[in-house]
Amino acid sequence: MADFCWNIAVPLATKNLAAYGAEVIKIEAQTRYDTNRTTPPFKDGLAGIDLGGMFVRNNAGKMSVALNLSHPRAIEIAKQLVARADIV
């Protein structure tokens, strides 16, 4: 499954699919990432792009990749991930 989702509802749904064994790959742009990455609570009280508790909770069990989607090679990689996914 290729997961381009943000925030709460769909990331939780795809998290549940991952918990039941689906291979879920979260795809984010390097310059436009999931806003939950900056949502508290933060690990050890320190804010950071990889420390947002909401992001961790909503994306547990998923693989992820950040791509520079303004680069042609990154677009090709995203298309390859979508092509092999059962669900996008």
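Look a little higher up for the structure.
Residues numbered from 1 in each chain as written. Predicted model: local features only at pLDDT ≥ 70, side-chain atom pairs only at ≥ 80, totals over all residues. Heavy atoms only, no water.

### Regarding the environment of Arg 37
The cut-off we apply is this: Strands are runs of DSSP state E lasting at least 2 residues, helices are runs of H or I lasting at least 4, and numbering of each runs from the N terminus. Working definition: with a 1.4 Å probe on protein chains only, accessible area under 20% of the residue-type maximum means buried, over 50% means exposed, and in between means partly exposed. Contacts were defined at the residue level, with two residues in contact if any of their heavy atoms lie within 4.5 Å. A 3.5 Å cut-off defines polar contacts: any pair of N or O atoms within that distance qualifies, except that in protein one atom must be a possible hydrogen donor and the other a possible acceptor, and neighbouring residues in sequence count only when both atoms are side-chain atoms.
You can see Arg 37 is positioned in the loop between β2 (25-29) and α2 (53-59). For Arg 37, a relative accessible area of 10% corresponds to the buried category. In this structure, the C-alpha to C-alpha distance between Arg 37 and Ala 13, residues 24 residues apart in sequence, is 18 Å. Contacts of Arg 37, omitting those with residues within four sequence positions, involve Glu 28, Phe 42, Gly 48, Ile 49, Asp 50, Gly 52 and Phe 55. A polar contact of 2.8 Å, which involves the side chain of Arg 37, links it to the side chain of Glu 28. Engagement of the side chain of Arg 37 in a polar contact is seen with the side chain of Asp 50, the distance being 2.7 Å.

### Examining the packing of aromatic side chains
We count it as follows: Between the rings of Phe, Tyr and Trp (Trp by its six-membered ring), a pair exists once the centres lie within 6.5 Å; its type follows the angle of the planes, with under 30 degrees stacked, over 60 edge-to-face, and the other angles tilted. Geometrically, a charge over a ring is one whose NZ (Lys) or CZ (Arg) sits within 6 Å of the ring centre while staying within 35 degrees of the ring normal.
Applying the stated criterion across every chain, the model contains zero aromatic pairs. Looking at Arg 37, its charged tip hangs above the ring of Phe 55, at a distance of 4.0 Å from the centre.

### Considering the sheet that holds strand β3 (residues 63-67)
Pairing between sheet strands relies on hydrogen bonds along the backbone, with the strands arranged either parallel or antiparallel. Just so we agree on the cut-off: Being paired, for any two strands, means DSSP has found at least two bridges between them. Lines fitted to C-alpha atoms define the axes here, with helix axes fitted over just the stretch in contact, and angles between the N-to-C directions of these axes take values from 0 to 180 degrees.
If you walk across this open sheet you meet the three strands as β1-β2-β3, and the pairing is parallel. Edge positions in the sheet fall to β1 (2-3) and β3, since each has one partner strand and no second. On top of the sheet, helix α3 (residues 72-84) reaches β1, β2 and β3; it is set at about 150° to β3, its chief contact.

### Digging into the nonpolar core
Proteins that are soluble and globular tend to have nonpolar side chains buried together. What counts, and what does not: Here, nonpolar core refers to any group of buried Ala, Val, Leu, Ile, Met, Phe, Trp, Tyr and Cys residues whose side-chain atoms link them within 4.5 Å.
Listed in full, the eight residues of the largest apolar core are Ala 2, Ile 25, Ile 27, Leu 67, Ala 74, Ala 78, Leu 81 and Ala 85. Listed by contribution, the elements that provide at least two residues to this core are β2 and α3. Per-element tally for this core: the top contributor is α3, with three residues. Among residues more than four places away in sequence, those in contact with Ala 78 are Leu 67 and Leu 69.

### Regarding the pairing of β2
For clarity, the cut-off: Clockwise travel from the first strand over the helix to the second, with the strands pointing away from the viewer, marks a crossover as right-handed.
Of all five residues in β2, five are buried; the element is thus mostly enclosed. Across the two faces of β2 the burial is the same, with Ile 25, Ile 27 and Ala 29 and Lys 26 and Glu 28 all buried. Bridge analysis of β1 against β2 gives two bridges, and the strand direction is parallel. Bridge pairing in β2 links Asp 3 to Lys 26. The parallel pair β1 and β2, bridged by helix α1 (residues 9-19), forms a crossover whose chirality is right-handed. For β2 and β3, the ladder comprises five bridges, and the chain directions are parallel. Bridge pairing links Ala 29 to Leu 67 in β3. For the segment spanning β2, α2 and β3, crossover handedness is right-handed.

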